[in-house]
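Residues per chain are reported as follows:
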Amino acid sequence: MSENYIPLSQINTYVFCPRRFYYESVEGHQVVNDHVEEGKIKHEHVHTAVTDRKKGDKTISRRQYLASDALGVSGYTDLVEEKTGIPYPVEFKKAGTGNWLNDQVQLCLQGLLLEEKTGVSIPHGYIFYIGSKRRRKVPFDKELRETTLQYVTKARSLLDSRKIPKPIHDNRCNGCSVRSICLPDEVAYLHELDQRPKRIKPALGIDNVLYVDESGCAIKKTGERLLVVKENEVLRDIPLIHLGQVVVSGNVNLTTPAMQTLLHEGIPVVFLSAYGRYHGALTPQVSRNSLLRSAQHSIASRRDACLELSKAFVHGKVVNMRTMLQRRKWQAPDNENPELKPLYANIQAIKAMEKRIPEATELSELLGIEGNASAAYFSAFNFMIKSRVEFDFHRRSRRPPADATNALLSFAYSLLTADLMSAIQTVGLDPYIGFFHQLKYGKPCLALDLMEEFRPVIADSVVITLINNRRIKPDDFTQSHGGWYLKERCRKVFYAAYEGRKNETITHPVFKYKLTFRRAMELQVRLLAKYLTNEIDQYTPLTVR
């Protein structure tokens, strides 16, 4: 039974919000935000003070462990005051003097566990508010005792059923540490329960990326900081708290202490070849959310479900490719220019493929539609490039990239793969089990699926901007083994442009609030997860105007 104890604090969470209880107790999410961190700091004094002491006619005992096989609940008290043989539990809360039912239930449960341990009837307990330094007396009357036992039963039932509750969607969501996972406003809107949600408040996505690709560099750890060192010279000095991801390219040494620290802090490390090809990633402990991955694998085994999801991925890609070409059309000074006719023809070809997507009955048919749309898109890619003499692009080629433009596209797609891999693993999905891309050993199929809608608007956009602004020039490349590759000294320019694009703001096509591409990537993965677990009815790709 001991392995199935519910923590006292989680009963408090269930009373406050059953959905948050589900995320923390069933899926294992433990998110620390400012509110949680403040509460932990204010509790440190309580838990580190002297264990037992006398104060007048009272004996004060801190941090007692209590457990009940009958209730299946266990946990630590903040403080127990014993007077005339009767122990009174005291629960510390960080601020306010609010009469919250969840706090009363937690305190009453401590009283019930103390009664079971001591055999003494306990009439009341106290809630001490750290902010105001006041305490509230809470009587353990019949009604509160019955309510407390009912909540314990309900929490146990939710653990057994593993069925996620609907969003509470009220003021309790403000400041909630799991809001960016729960997405209460978004889920409510998709179920037509509310107006469009306001701009998402919790931070999503990777905030800072460290790129290291200078040969001979070493990444070391000192204290709570990460150093990039070459020949005893410190090139970069970054606090770990400001780091979200590390991207290593080529001959760079990652020391064991740095590697262990990055894993412990949950910071992924992505490895690229010297030419920018994605090799793999050093990822922190896999999410404990086995329920989500089980749902993902179940959907992946159903051809009809894979087809419906694949249509969404392909639709997102095709619409965004068309948008990219249409922007070039709108920017044309002379729409009657006969040289632009191939551009118009390819836009129409993409529109034709877009209309065929809903009609596809097999994945193979959908692959053909996507392939034809991509062929039309890349046939018109040159129209988006101003320096066509220097960057003449004929067709998409991958291994090896046949020209400078292809080299930039491949590099951008490698970085985009790494970002989607990180977002997928943050959410708790399996990046190797996809729906549109065929399963192959070592192939991050889900990352490739989700990349489809982001390829034109992030990766391709970065490449076009760098070329048109002449920030990358033909002599910035080297040719090797039949392919073109960006020189090491020029990659910093590329990294800066790529990060800049991810930080650009767009309007989400469904929710209509503004967010960055960086945050949109994780949001889309979370929406996919909610579709897989039947929280929402369909997955809608990110499309831009």
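Residues numbered from 1 in each chain as written. Predicted model: local features only at pLDDT ≥ 70, side-chain atom pairs only at ≥ 80, totals over all residues. Heavy atoms only, no water.

Student: What am I meant to see in the overall build of the protein here?
Tutor: A tally of helices and strands in the protein yields 16 helices and 21 strands. Within the protein, counting contacts between residues at least 6 apart in sequence, those at least 24 apart form 63% of the total. Split by element, the accessible area of the protein, about 26,200 Å² in all, is 48% carbon and sulfur. (Helix = DSSP H or I, 4+ residues; strand = E, 2+ residues; numbered from the N terminus. Contact = heavy atoms within 4.5 Å. Areas by Shrake-Rupley, 256 points an atom, 1.4 Å probe, with all protein chains shown as cover.)

Student: Quick question: what am I supposed to make of the packing of aromatic side chains here?
Tutor: For any pair of aromatic rings, geometry is given as the distance between the ring centres together with the angle between the planes. All told, the structure shown has 15 aromatic pairs when counted by the stated rule. Arranged with centres 5.8 Å apart and planes meeting at 75°, the rings of Y22 and Y23 form a pair that is edge-to-face. In this structure, Y22 and Y23 share a single accessibility class: buried. Ring plane angle 35° and centroid distance 4.9 Å describe the contact between F411 and F494, whose orientation is recorded as tilted. Linking F411 in helix α13 (residues 404-427) with F494 in helix α15 (residues 491-502), this pair joins segments that are 83 residues apart in sequence. An aromatic cluster is present here, built from Y211, F411, F494 and Y495 joined pairwise through their rings. Above the plane of the ring of Y413 lies R455, whose end atom (NZ or CZ) is 4.7 Å from the centre. (Phe/Tyr/Trp six-rings, centres within 6.5 Å; stacked < 30°, edge-to-face > 60°. Buried < 20%, exposed > 50% of the residue type's maximum accessible area, 1.4 Å probe, protein only. Lys NZ or Arg CZ within 6 Å of the ring centre and 35° of its normal.)

Student: When you look at the packing of helix α4 (residues 101-118) against helix α5 (residues 142-161) in this model, what are you seeing that I'm missing?
Tutor: Each pair of packed helices gets described by two things: the angle between the helix axes and the distance between those axes. Axis separation between α4 and α5 bottoms out at 9 Å; the angle between their running directions is 95°. Compared by their axis directions, α4 and α5 come out roughly perpendicular. Listed contacts from α5 to L101, Q104, V105, C108, L109, L112 and E115 of α4 are L144, R145, T148, L149, Y151 and V152. (Axes fitted to C-alpha atoms, helices over the stretch in contact; angles between N-to-C directions. Parallel < 35°, antiparallel > 145°, perpendicular 65-115°, else oblique.)

Student: Would you mind going over the environment of L240 with me for this structure?
Tutor: Looking at the secondary structure, you find L240 in the loop between β13 (233-239) and β14 (245-249). Sequence-wise, L240 and K221 are 19 residues apart; in three dimensions their C-alpha atoms are separated by 9.3 Å.

Student: Would you mind showing me how to read the sheet that holds β14 here?
Tutor: Two modes of strand pairing occur in sheets, parallel and antiparallel, and in both the strands are linked by backbone hydrogen bonds. Across the sheet, which stays open at both edges, the four strands sit in the order β10-β14-β16-β17 with mixed pairing between neighbours. Since the sheet does not close on itself, it has two edges, and those belong to β10 (209-212) and β17 (278-282), each with one partner. Averaged over all pairs of adjacent strands, the angle between strand axes in this sheet comes to 20°, irrespective of strand direction. (Pairing = 2+ DSSP bridges.)

Student: Please clarify how the pattern of salt bridges should be interpreted in this entry.
Tutor: A side chain of one charge can pair with a side chain of the opposite charge when the charged atoms of the two come close. Under the counting rule described, the total for this entry stands at 24 salt bridges. The closest approach of N and O atoms between K530 and E535, which form a salt bridge, is 3.3 Å. Looking at K530, the relative accessible area reads 4%, which means it is buried. One network of salt bridges, in which partners are shared, links K317, E370, E452 and R455. (Salt bridge = Lys/Arg side-chain N within 4 Å of Asp/Glu carboxyl O.)

Student: What am I meant to see in the side chain of T77 here?
Tutor: Mapped onto the secondary structure, T77 falls in the loop between β5 (73-76) and β6 (79-83). Under the relative-accessibility criterion, T77 is labelled buried at 0%. When residues no more than four places from it in sequence are discounted, the contact partners of T77 are R63, Q64, L66 and Q110.

Student: So what exactly am I meant to see when it comes to helix α8 (residues 256-264) here?
Tutor: Think of an α-helix as 3.6 residues a turn; residues three or four steps apart then line up on the same face. Within α8, burial applies to A258, T261 and L262. Seen end-on, α8 carries its buried residues on one side only, within an arc spanning 100°. The outward face of α8, more than 90 degrees from its buried face, is lined by the exposed residues Q260 and H264. Tucked inside the fold, the buried residues of α8 contact β11 (218-222), β12 (225-230), β14, β15 (253-254) and β16 (269-272). Looking one or two residues beyond α8, the residue adopting positive phi is G266, at roughly 75°. (Arc of directions from axis to C-beta.)

Student: Any chance you could explain the sheet that holds β15 here in plain terms?
Tutor: Here we have four strands laid out as an open sheet, ordered β13-β12-β11-β15, and mixed in their pairing. Only two strands of the sheet have a single neighbouring strand rather than two, namely β13 and β15. With six bridges joining them, β12 and β13 adopt antiparallel strand pairing. Its bridge partner being in β13, K230 is matched across the sheet by E233.

Student: Would you mind showing me how to read unusual backbone geometry here?
Tutor: Excluding glycine, residues mostly have negative phi values, and the peptide bonds linking residues are mostly trans. Non-glycine residue L183 carries a positive phi angle of around 50°. Inspection of the secondary structure assignment puts L183 in the loop between α6 (179-182) and α7 (184-190). Under the relative-accessibility criterion, L183 is labelled buried at 1%. Here K512, not a glycine, exhibits a phi torsion of approximately 65°, which is positive.

Student: Got a minute to help me understand the state of the cysteines in this structure?
Tutor: By definition, a disulfide is the covalent link that joins the sulfur atoms of two cysteine residues. Under the definition given, this model contains zero disulfides. Lacking any disulfide linkage, C173 is separated from the closest cysteine sulfur, that of C182, by 6.1 Å. (Disulfide = S-S within 2.5 Å.)

Student: Explanation requested: the environment of H437 in the structure shown.
Tutor: Relative to the helices and strands, H437 resides in the loop between α13 and α14 (445-468). Along the backbone, H437 and L448 are 11 residues apart, and their C-alpha atoms lie at a distance of 7.0 Å. Sequence-distant contacts of H437, that is, excluding residues within four places in its chain, are made with K443, C445, L448, D449 and E452. There is a polar contact of 2.7 Å between the side chain of H437 and the side chain of D449. Only 3.3 Å separates the side chain of H437 from the side chain of E452, close enough to count as a polar contact. (Polar contact = N/O pair within 3.5 Å; in protein donor to acceptor, adjacent residues only side chain to side chain.)

Student: Any chance you could explain the packing of α14 against α15 here in plain terms?
Tutor: Running from N to C, α14 and α15 point in directions that differ by 130°, and their axes come no closer than 9 Å. When the axis of α14 is compared with that of α15, the two are oblique. α15 is crossed by α14, and the crossing has right-handed handedness. Residues V457, I458, S461, V462, V463 and L466 of α14 pack against V493, F494, A497, Y498, R501 and K502 of α15. Looking at side-chain class alone, the contact of α14 with α15 contains nine nonpolar, one polar and two charged residues. (Left-handed = near helix turned anticlockwise from the far one by under 90°. Nonpolar A, V, L, I, M, F, W, Y, C, P; charged D, E, K, R; others polar.)

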